[in-house]
Amino acid sequence: MEDIRFERHFRTPYSEGYYIMQGNSLQNSTRLGTIDIHFTTTAVHGTLILERELEEAELTKLIEQIDEDLVLSADMPRDDFLVSVYVGRDVGFYSDEYFAGESGREADLSDEDEV
């Protein structure tokens, strides 16, 4: 696929995660999805989450581009590249900070209920 670029958002010794961006420039691009790549001793496993459906030809080109640009460039030996593909949408981002804020609000509400 043309005008695709990958922006890394995490890296460990055996895994990497990327945002897949589509567009000609930083100002004129949208997120197409994410790919998480996990390297094992014999294979590389990928979890590809797309935010919109692609035609089969586009999907196979994207997987080939991921293989060429991200997997092969990692210089890790592999027998196979196994990719699970999902189509979904981003519904939010949650962290410990979010849940700490939620529990604080619940405590505030329960105090008011006792009045």
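Before going into details, it helps to say that this report is about the structure given with it. (Residues numbered from 1 in each chain as written. Predicted model: local features only at pLDDT ≥ 70, side-chain atom pairs only at ≥ 80, totals over all residues. Heavy atoms only, no water.)

**Considering the overall build of the protein**
Along its length, the protein carries two helices and five strands. Along the chain direction, N to C, the helices and strands of the protein fall in the order β-β-β-β-α-β-α. When the 115 residues of the protein are sorted by exposure, 28% land in the buried category. Taking all contacts inside the protein whose residues are at least 6 apart in sequence as the whole, residues at least 24 apart take part in 41%. Of the roughly 8,100 Å² that the protein leaves accessible, carbon and sulfur atoms contribute 48%. (Helix = DSSP H or I, 4+ residues; strand = E, 2+ residues; numbered from the N terminus. Buried < 20%, exposed > 50% of the residue type's maximum accessible area, 1.4 Å probe, protein only. Contact = heavy atoms within 4.5 Å. Areas by Shrake-Rupley, 256 points an atom, 1.4 Å probe, with all protein chains shown as cover.)

**Topic: the nonpolar core**
Counting residues in hydrophobic clusters, the biggest one holds 18 residues, and the most contacted among them are Ile20, Ile35, Ile37, Leu48, Leu62 and Ile66. Where this core is concerned, the elements lending two or more residues are β1 (4-11), β2 (15-23), β3 (29-39), β4 (43-50) and α1 (56-71). (Core = buried A, V, L, I, M, F, W, Y, C linked by side-chain atoms within 4.5 Å.)

**What about the packing of aromatic side chains?**
Overall, the coordinates contain four aromatic pairs when judged by the stated rule. Taking the centre distance of 6.4 Å and the plane angle of 75° together, the rings of Phe6 and Tyr18 count as edge-to-face. Residue Phe6 is found in strand β1, and its partner Tyr18 is found in strand β2; the two are separated by 12 residues along the sequence. With respect to burial, Phe6 and Tyr18 carry one shared label: buried. Aromatic pair Tyr94 and Tyr98: ring centres 4.9 Å apart, planes at 80°, arrangement edge-to-face. Given a relative accessible area of 33%, Tyr98 falls into the partly exposed group. Linked through ring pairs, Tyr94, Tyr98 and Phe99 together constitute an aromatic cluster. (Phe/Tyr/Trp six-rings, centres within 6.5 Å; stacked < 30°, edge-to-face > 60°.)

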